[in-house]
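# Chains, contacts and geometry: an overview
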Amino acid sequence: MNGSRGERQGPRKTLAVMAGDTIRARVRAKYLDLRQEQPGLTADMILAALSGAPGYTVTVEGAATRIAVNSTGATALLNPLEEEQQPKAFLSWQFLPANGKKLDEDGGFDQVSAAAAISNKTGVGNHEVLEVEYIVKQKGWINLELDMAGADSYEAESRNIDVYFDDFEVAHHHGLIVQEDSYYPFGLTFNEYKMEGTLANKFKYNGKEEQEEWGVIDYGARMYQADLGRWFNVDPLADSSWSFTPYHYVANNPILLVDPDGRDFYIWYENDKGKTVHFRFNGSNAADAPDNKFVQQFITAYNYNVENGGGEKMQAIAGNSDIKIGVAETEFSSQHHLGNIYWNPNAGAEYENGTVVSPATVLEHESDHANQRATNYKQWDNDSRSNKEELRVINGSEQKTAKANGEIPKNGVTRTRHEGKAVITYGPTSNKVNKAATQAHQKRLIERAKKALDQNQ
Ligand SMILES: [Zn+2]
């Protein structure tokens, strides 16, 4: 390269980069500077010659000055090289952010210095190595290039020196990010990035799979169009939200709501005709619930927990379109069995220290087991072999909801062991023991146990 017109731009490389990537570039450079023909000449000798000391001769040859030292035989063309007269050649980089927002550090360079000067005509000698390194802070592009400042500026003559580059290397070390997607509220992607040579993760917005050939997102029951914020198919529950178009997505409020479509709680009950049917409860369709005592008790318990600031696991089930938890009534103690909840809407529980929790709190306890089994089966399966699963629930959701429902003090615990007995309270949200009803309940439990024993004999 050379400072004259048309020769100032060397090779350039542009790379798409991600936060965490490291870019390293290096190149060898040199230029010929015949003005240092005899490096044996020291600054002291030059000063002596210029001051007219004996043994030195100074002659003018064209634009340059020749200095000869008679005693050593050293000689040089002296045309003082000020720093600004050295060729202005660079290995430089510029970062261009994908989001257009300028960074504090968005460029840099390494400049050819006097170390690159070769003083003999054959050009043999060491190169100077120029290096730059940059750790990328955000997604964008990086330009790496070899360039030179123009010779048409005030230092014209010095810039016309030829600068030679060799072995230009650019290394791009990828960070740990393989893919990045940003979303508009309704799920349309922007600012997408995928590392070259990797398989695309198609499970994007809300973890649902993108169907590239259709341009829709597969929610299982229905296909969603993120560019329109509309379902491709009619909502099977369209009747329950008649004020919206049947193609609406989360009531047109993706910031506050997640898709309530799904399997949720299946509350089983016996209808007027004596037939066992179910109501699918998603946490927000209580208004559509049938006028059935058990279904209404379940919803009362759900709303009580949630409104008090508990019921976290029940909400997780109601809001998760991928899981289906069956709920059925039992006249005995509430329990979770193989993904279904058998709930006694009248039975709370009394623990070691006299603490009584409501049937609503018990329902949250069983919901936690069911949710864990549905979403984290391996852990549930493993922990259920020991006391670990019970302790997780007792110390977690049970305590949290019992506190929210005011059944234990703020710094209290429900119990320290997985022990307790069912007690009949005055309704799903009550933790007051109905003694007579509790005695009758216990009598029924004993009769049931006796019956089971008789059958086994
Ligand atoms: Zn339990």
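Higher on the page you've got the structure.
So, here is what we can say about the structure in this document. Everything numeric here is computed off the predicted structure, so don't read it as measured data. Every chain is numbered on its own, with residues counted from 1 as its sequence reads. With the structure being a predicted model, the display of local features is reserved for residues of pLDDT at least 70 and the display and counting of side-chain atom pairs for 80 or more, all residues being used for whole-chain, interface and lining totals.

### Examining the overall build of the chain
Spelled out, the test is: Going along the chain from the N terminus, every DSSP run of H or I of four or more residues is numbered as a helix, and every run of E of two or more is numbered as a strand. Residue pairs qualify as contacts under a 7 Å threshold applied to their C-beta atoms, which are placed from the backbone.
A count of helices and strands for the chain gives eight helices and 25 strands. Intrachain contacts of the chain at a sequence separation of at least 6 include 62% that bridge at least 24 residues.

### Remarks on the sheet that holds strand β7 (residues 107–111)
In plain terms, the rule: Pairing between two strands is assigned when DSSP locates at least 2 bridges connecting them. Between N-to-C directions, angles span 0 to 180 degrees; the directions come from axes that are lines fitted to C-alpha atoms, helices contributing only their stretch in contact.
The strand order β1-β10-β6-β7 describes an open sheet built from four strands, whose pairing is antiparallel. Single-partner strands in this sheet number two, and they are β1 (9–17) and β7. Each adjacent strand pair in this sheet contributes to an overall mean axis angle of 15 degrees, direction not counted.

### Notes on the environment of L363
Under the convention used in this document: Residues with at least 20 neighbouring C-beta atoms inside 10 Å of their own are called buried, those with 12 or fewer are called exposed, and the rest are partly exposed, where every C-beta is derived from the backbone.
When you line up the elements, L363 lands in helix α5 (residues 359–375). Classification of L363 by C-beta neighbours within 10 Å gives buried; the count is 27. Between the C-alpha atoms of L363 and A347, which are 16 residues apart in sequence, the distance is 9.9 Å. Not counting residues up to four positions away in its chain, the partners in contact with L363 are A301, M314, S334 and W343.

### Details of unusual backbone geometry
We note that D167 has phi near 50 degrees; this positive angle belongs to a residue other than glycine. Secondary-structure assignment places D167 in strand β11 (residues 163–173). Given 10 C-beta atoms within a 10 Å radius, D167 is considered exposed.

### Here we look at the environment of D21
Mapped onto the secondary structure, D21 falls in the loop between β1 and β2 (22–32). The buried category is assigned to D21, around which 21 C-beta atoms lie within 10 Å. Each residue touching D21, except ones within four places of it in the same chain, is listed here: V136, H172, H173, H174 and G175.

### A closer look at the packing of helix α4 (residues 312–319) against α5
Basically, it comes down to this: By definition in this entry, angles of less than 35 degrees are roughly parallel, angles greater than 145 are roughly antiparallel, angles of 65 to 115 are roughly perpendicular, and the rest are oblique. We call a crossing left-handed when the near helix sits turned anticlockwise from the far one by less than a right angle, and right-handed when that turn is clockwise. Residue polarity is assigned by list, with Asp, Glu, Lys and Arg as charged and Ala, Val, Leu, Ile, Met, Phe, Trp, Tyr, Cys and Pro as nonpolar; anything else, Gly included, falls into the polar class.
Contact geometry for α4 and α5: axes closest at 7 Å, N-to-C directions at 50 degrees. With respect to their mutual orientation, α4 and α5 come out oblique. Crossing hand, α4 versus α5: left-handed. Contacts from K313, M314, A316 and I317 in α4 reach L363, E364, S367, D368, A370 and N371 in α5. Of the residues belonging to the contact of α4 with α5, the class tally is five nonpolar, two polar and three charged.

### What about the nonpolar core?
Threshold: Connectivity within a nonpolar core runs through C-beta atoms within 7 Å, and the core itself is a set of buried Ala, Val, Leu, Ile, Met, Phe, Trp, Tyr and Cys residues.
F265, I267, F298 and V327 are the most contacted members of the largest nonpolar core, which totals 31 residues. Here this core takes six residues from helix α3 (residues 293–307), the largest share from any one element. Excluding its chain neighbours within four sequence positions, the residues that come into contact with I267 are H278, F279, F281, V295, F298 and V327. Grouped together as the second largest cluster of nonpolar side chains are 25 residues, M1, Y31, A89 and M148 included.

### Remarks on α3
The line we're drawing: Multiplying one less than the number of residues by 1.5 Å gives the expected span of a helix.
For α3, with 15 residues, the first-to-last C-alpha span of 21 Å sits near the 21 Å given by 1.5 Å per residue. If you check which residues of α3 are buried, you get V295, Q297, F298, I299, A301, Y302, Y304 and N305. Those residues of α3 that are buried are in contact with β18 (264–270), β19 (276–281), α4, β20 (324–329), α5 and α7 (388–404).

### Some words on the sheet that holds β19
Spatially, β19-β18-β20-β22-β21 is the arrangement adopted by the five strands of the open sheet, whose pairing is mixed. Only two strands of the sheet have a single neighbouring strand rather than two, namely β19 and β21 (335–337). Taken pair by pair, the neighbouring strands of this sheet meet at an average axis angle of 25 degrees, ignoring direction. Taken together, the six bridges between β18 and β19 define a ladder with antiparallel strand orientation. Note that in β19 the partner of W268 across the bridge is H278. Against the sheet, α3 contacts β18, β19 and β20, and its axis sits at roughly 150 degrees relative to β18.

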